[in-house]
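Each chain, written out:
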Amino acid sequence: MSPETTRIAVLPGDGIGPEVIAEGLKVLSRVEDVFGQRFRFTEAPVGWAAIDACGTALPEDTRRLCAESDAVFFGAVGDPSRDPSLPPGERPEPVALLGLRKGLHANLRPVRLHPCLADSSPLRPEVVAGGVDILIVRELTGGLYYGRPKGRTPLPAGGEQAVDTMAYTTAEIERIARVGFRSAQGRGGRLCSVDKANILATSQLWRDTVTALAGEYPDVALSHLYVDNCAMQLIRNPSEFDVIVTENTFGDILSDEASVLAGSMGMLPSACLGDGAATPFFEPIHGSAPDIAGQGIANPLAAILTAAMMLRHAFNLAPEAAAIEQAVDLALADGLRTADLSPAGAGAISCSAMGDAIVERIQRS
Ligand code: NAD
């Protein structure tokens, strides 16, 4: 993609969203200077910031800006102190997140425990000693969350019946499985497909479909795990995993479980990718963290690493993305910590000081 066409919609949102996105933008500006790239940033309101400004969590202008951009760089939305006043269908999380993720079938969540943060992981040092570096590839547009029929109906004899439908087609499974195989080719060459094929028909189709594709990727070692076993292995032996590919609900749960391995929510980036028709969407996995918002103590590294994912996946700028990731590694190796990474709070630096530290360490290799 030529630099002139690199349009980024910036949606800081609520709580710590604006604080961490500001640091991400600082880092992207530094990338412009060092690598001669030019990004066109356009900011727009989303979440409660948008409700206050325009009366709705995802204004039409914001939606249009995202549709006309090459990538969306998103902070977080939500404010539990205000959310109860809104019906579920108008709350920022479903309106903004589901609205902007529409058409994006692949959710990529890398979970990496930096070796010098091993103390921040809740797992015993010997469990994480083998390293934690996992990419979870979650199917994002199918399965239980979207299947029909869905809903609650009253029963004549009293009470209700509730139904959710888990449905997958071969094409949907092949599409996400290919993301998994290609991701494994670019990493450690191991793909673990997670399902519940001993019980669920959708999982049996899932396993058959993934297995049938394996011959096209002879350089990838494919394995299968039942989701319950995977949940256990993630905390027993996280270093056994390279890339995990799984369906929507299993991926939702497993990726939150795995996020704990990294030591802090403030360390984890994510990307939602489609087939080119919808604008790719990049966000730190954490929420608006109202408990620390406005204090300047949030960890901006998840947002900064999200910016790196955006450069790699939306713009094919791998050297620039690697420069950001190396700068993060260097800052951590130099002992720099925000409050979430230094439990006693001793020597913790601010959100903007961490952003500055990353900026200082970005260079061409
Ligand atoms: P949260 O991720 O906002 O916070 C969970 C805990 O992690 C808090 O103690 C918080 O202080 C800490 N934390 C999170 N990010 C951090 C960071 N960068 N640096 C340091 N500490 C960090 O989750 P929550 O408290 O369950 O939700 C708060 C609000 O955010 C809710 O309204 C929720 O609906 C919303 N939410 C939004 C998104 C999103 O926009 N994608 C995701 C999750 C939650």
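Scroll up to find the structure.
For clarity, every value in this text was computed on a predicted model and none was experimentally measured.

Here is what the cut-offs are and how they apply
- Residues numbered from 1 in each chain as written.
- Predicted model: local features only at pLDDT ≥ 70, side-chain atom pairs only at ≥ 80, totals over all residues.
- Heavy atoms only, no water.
- Axes fitted to C-alpha atoms, helices over the stretch in contact; angles between N-to-C directions.
- Helix = DSSP H or I, 4+ residues; strand = E, 2+ residues; numbered from the N terminus.
- Parallel < 35°, antiparallel > 145°, perpendicular 65-115°, else oblique.
- Left-handed = near helix turned anticlockwise from the far one by under 90°.
- Contact = heavy atoms within 4.5 Å.
- Polar contact = N/O pair within 3.5 Å; in protein donor to acceptor, adjacent residues only side chain to side chain.
- Disulfide = S-S within 2.5 Å.
- Salt bridge = Lys/Arg side-chain N within 4 Å of Asp/Glu carboxyl O.
- Pairing = 2+ DSSP bridges.
- Phe/Tyr/Trp six-rings, centres within 6.5 Å; stacked < 30°, edge-to-face > 60°.
- Buried < 20%, exposed > 50% of the residue type's maximum accessible area, 1.4 Å probe, protein only.

Novice: Outline the packing of helix 1 (residues 17-35) against helix 10 (residues 301-315), supporting the account with residue identities and numerical values.
Specialist: In the contact formed by helix 1 and helix 10, the axes pass within 8 Å of each other and the chain directions differ by 45°. In terms of orientation, helix 1 and helix 10 fall into the oblique class. Crossing handedness for the pair helix 1 and helix 10: right-handed. For the pair formed by helix 1 and helix 10, the contact residues are Val 20, Glu 23, Gly 24, Val 27, Leu 28 and Val 31 on the first element and Ala 303, Ile 304, Ala 307, Met 310 and Leu 311 on the second.

Novice: Describe the environment of Glu 216, listing the residues and the values that go with them.
Specialist: Examined against the element boundaries, Glu 216 turns out to sit in the loop between helix 7 (201-213) and strand 9 (221-226). For the pair Glu 216 and Arg 178, spaced 38 residues apart in the sequence, the C-alpha separation amounts to 9.6 Å. Side-chain polar atoms of Glu 216 contact the side chain of Arg 178, separated by 2.7 Å.

Novice: Any chance you could break down the state of the cysteines for me, citing the residues and the numbers?
Specialist: This structure, assessed with the given rule, holds 0 disulfides. Here Cys 66 stays unpaired: no disulfide links it, and the sulfur of Cys 272, its closest cysteine neighbor, is 12 Å away. Distance from the sulfur of Cys 230, which forms no disulfide, to the nearest cysteine sulfur (Cys 192) is 5.5 Å.

Novice: Pulling in residues and values, what's your account of unusual backbone geometry?
Specialist: A cis amide bond links Arg 148 with the next residue in sequence, Pro 149, at an omega value of 5°. Of note in the backbone geometry, Ala 289 takes a positive phi value of approximately 40° without being a glycine. Counting through the fold element by element, Ala 289 comes out in the loop between strand 12 (281-284) and helix 10. Phi is positive for Asn 316, close to 60°, though the residue is something other than glycine. On the secondary structure map, Asn 316 appears in the loop between helix 10 and helix 11 (318-333).

Novice: Explain the pattern of salt bridges residue by residue, including any values.
Specialist: Within the structure shown, the criterion is met by 21 salt bridges. Across the pair Arg 7 and Asp 70 runs a salt bridge, and its minimum N-O distance is 3.1 Å. Linking Arg 7 in strand 1 (residues 7-13) with Asp 70 in the loop between helix 3 (60-68) and strand 3 (71-76), this pair joins segments that are 63 residues apart in sequence. The partner of Arg 138 in a salt bridge is Asp 252, with the nearest N and O atoms 3.9 Å apart. Separated by 114 residues along the polypeptide, Arg 138 in strand 5 (residues 132-139) and Asp 252 in helix 9 (residues 248-259) bring together distant segments of the chain.

Novice: How would you summarise the pairing of strand 7 (residues 160-165) if you had to cite specific residues and measurements?
Specialist: Inspection of the sheet shows strand 6 (residues 147-154) paired to strand 7 by 5 bridges, in the antiparallel sense. When the bridges of strand 7 are listed, Thr 153 appears paired with Gln 161. Between strand 6 and the antiparallel strand that follows it, strand 7, lie 5 residues; Gly 158 among them carries a positive phi value of about 105°.

Novice: A description of the packing of aromatic side chains should follow, citing residues and the corresponding values.
Specialist: How two aromatic rings sit relative to each other is set out by the distance from centre to centre and by the angle between their planes. For the structure shown, the criterion picks out 5 aromatic pairs. Taking 5.8 Å as the distance between ring centres and 75° as the angle between the ring planes, the aromatic pair formed by Tyr 168 and Trp 206 counts as edge-to-face. Within this pair, whereas Tyr 168 is found in the loop between strand 7 and helix 6 (170-185), its partner Trp 206 is found in helix 7, the two being separated by 38 residues in sequence. In this structure Trp 206 comes out as buried when scored by relative accessible area, which is 2%. Taking 4.5 Å as the distance between ring centres and 5° as the angle between the ring planes, the aromatic pair formed by Phe 181 and Tyr 217 counts as stacked. Here the residue Phe 181 occupies a position in helix 6, and Tyr 217 occupies one in the loop between helix 7 and strand 9, the gap between them amounting to 36 residues.

Read these as layout, nothing more, since geometry by itself doesn't imply function.
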